[in-house]
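# A structural walkthrough
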Amino acid sequence: MKDKDYFLSKAQDNFPELKFSVLTPDITEFIGSNGDSILLDLGEHAVGHFSFAFDKVNVFVDAPVRLVIKFGEDMREMNNDFSQYNGVLSKTWLQEEIINLDFPQKITMPRRYACRYIKITVERTTRPIRLFGFSFRASTSADVSVLKSANTQDALLNKIDLVATNTLKECMQTFFEDGPKRDRRLWIGDLRLEALTNYYTFNNLDIVKRCLYLFAAGECNELGFLPSFVYETPYYHSGATHIEDYELLFVVSVCDYFEHTGDMDVVNDLLGICKSQLESFRATPDKNLIATKQDGWFAFIDWCPGLECVTALQGVYLYTLERLGELLKAIGDEEYEKYSALISEVRSASKKNLYDETKKVFVNSSDNGQLSVHSQVWMILGGVITGEEAKKLLLSCLDNKAFKQPVTPYMRHYVIEAMLKLGMKDEAVQYLKKFWGGMVELGADTFWEAYIPDDLDFSPYNDRMINSLCHAWSCTPSYFIRKYGL
Ligand code: RAM
């Protein structure tokens, strides 16, 4: 019987093996007293556990020593004063500890951190102390030995590829995490992009299967939608949030997996859930076949402030229908005809109701008439508009202040996907270099959750300190570079 226990046991069968390595910073020893601090640099981003030792210098320390230990993914984060944090997410994501050590000892800190830099401040000691034996035990389930270099003719693209594979590697732990600093959980939107990039880099199929099954085990809401995120530590827990575009992208993730592997066992296990996601979605369009906002409605699309998402969601729906249709055709499923008829119907309805023929743009009263790159891109990806007409539309909205622009590498992934669908390879390379290359030029070791070139303080959560600087959904340049030979 394919129930929660079945899916969880399948997820367990595909538990990926973690590989460990030990990093040591260039500084090996530090002598300090009250108020002194040391900054350690691991030389690269790492996810894992930090150890060190302390001892007296010459006079025995006759009281507990209090240290403040701060971990950061980049130097901007290290230079922030965490006490000034003013964001909407919990401050406890900020990686800083106060520890009291009763006597000289070697200590391995119990929590896992995601960082390149570590700052230790001696807050209170009665005598100078010696800190030494710094080491960081890093983990990943990515097998770096199988990774081939991208070897493009372009130095910046090679660098972008390196940072992108590094981002993915860091997010690959016992499942695909969205960010190893925050939220450290599995989200559908992130899973899809991580899995795609993984196919062209580390090609670890177990972790993809595991993640698909972890969602299959999740509790659906009253509409039948899968949870949009799950946790697995310390025990399985499916998230209470249901994001409409993410439930659809679960279906796409299964289609991607099948396209890459031809694995019918997984399809047999998950096809019912895929079909049910699309059936559930059918409750949302109006009589014109256009998506509407529902009670408790939430579509993600991007973290762009004030973004209206209905048209984009309609595009995600079409994109998913098309992918599922292809899968059904490939496996000879009798429902293929039904899906392909539906795609044509919803496409024509979208063009008829959402495309303004005079202004040559998609605009929707359910989006309050708001113009966005997001709507145009998803209508292109949904196949509502094609060829030269679509190219013109895309070029006219990018960098156009009249249109809401993407703010996350997640949404920018879909901009590039739309460009490549339209054969705009040169534009795709330029766009990739501008946004991911921009982060590289700012010294990124891993790609960030959000990036607006002229607003480096931007945060979806109102404070840049909480942004994840190694974020799964930003790893797709390696997918584009390797799959399309950019
Ligand atoms: C944030 C994370 C995650 C994303 C969701 C929608 O919490 O950044 O990656 O998928 O938002």
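Residues numbered from 1 in each chain as written. Predicted model: local features only at pLDDT ≥ 70, side-chain atom pairs only at ≥ 80, totals over all residues. Heavy atoms only, no water.

## Side note on the pattern of salt bridges
Within this structure, the stated rule accounts for 32 salt bridges. Ionic pairing is found between Lys169 and Glu170, a salt bridge with its closest N-O pair at 3.4 Å. Each member of the pair, Lys169 together with Glu170, is buried. Put simply, Glu389 and Lys351 hold a salt bridge, and the shortest N to O gap is 3.5 Å. Within this pair, whereas Glu389 is found in helix H11 (residues 387–397), its partner Lys351 is found in helix H9 (residues 336–354), the two being separated by 38 residues in sequence. Under the relative-accessibility criterion, Lys351 is labelled partly exposed at 23%. Taken together, the salt bridges that share partners define one network made up of Arg192, Asp256, Glu259, Arg323, Glu326 and Glu417. (Salt bridge = Lys/Arg side-chain N within 4 Å of Asp/Glu carboxyl O. Buried < 20%, exposed > 50% of the residue type's maximum accessible area, 1.4 Å probe, protein only. Helix = DSSP H or I, 4+ residues; strand = E, 2+ residues; numbered from the N terminus.)

## Some remarks on the domain arrangement of the protein
By domain assignment, the protein separates into domain 1 (20–140) and domain 2 (147–484). Between domain 1 and domain 2, the C-alpha centre-to-centre distance is 37 Å. Each side of the interface is counted separately: domain 1 has 26 residues, and domain 2 has 25 residues. Applying the counting rule to domain 1 against domain 2 returns five salt bridges. Where domain 1 packs against domain 2, one counts 18 residue pairs in polar contact (both at pLDDT 80 or more). Put simply, the parts of the chain that give the side of domain 1 that touches domain 2 at least two residues each are strand E3 (37–56), helix H2 (75–79), strand E7 (113–124) and strand E8 (129–140). If you tally residues by element for the side of domain 1 that touches domain 2, the top one is E3, at four residues. (Domains from an automatic or database assignment. Contact = heavy atoms within 4.5 Å. Polar contact = N/O pair within 3.5 Å; in protein donor to acceptor, adjacent residues only side chain to side chain.)

## Quick notes on the packing of helix H5 (residues 205–216) against helix H7 (residues 264–281)
Running from amino to carboxyl end, H5 crosses H7 at an angle of 30°, the nearest separation of the two axes being 11 Å. Judged by the angle between their axes, H5 and H7 are roughly parallel. In this structure, H5 crosses over H7, and the sense of that crossing is left-handed. Contact with H5, carried on its side by Lys209, Leu212, Tyr213 and Ala216, involves Asp265, Val266, Asp269, Leu270 and Ile273 of H7 and no other residues of that element. When its residues are assigned to classes, the contact of H5 with H7 shows six nonpolar, no polar and three charged. (Axes fitted to C-alpha atoms, helices over the stretch in contact; angles between N-to-C directions. Parallel < 35°, antiparallel > 145°, perpendicular 65-115°, else oblique. Left-handed = near helix turned anticlockwise from the far one by under 90°. Nonpolar A, V, L, I, M, F, W, Y, C, P; charged D, E, K, R; others polar.)

## Observations regarding unusual backbone geometry
A cis amide bond, omega 0°, links Arg182 with the succeeding residue Asp183. As for its placement among the helices and strands, Asp183 is situated in the loop between helix H3 (155–171) and strand E9 (186–187). Cis geometry marks the peptide bond from Thr233 to Pro234, where omega comes out at 5°. One can find Pro234 in the loop between strand E10 (229–231) and strand E11 (237–238).

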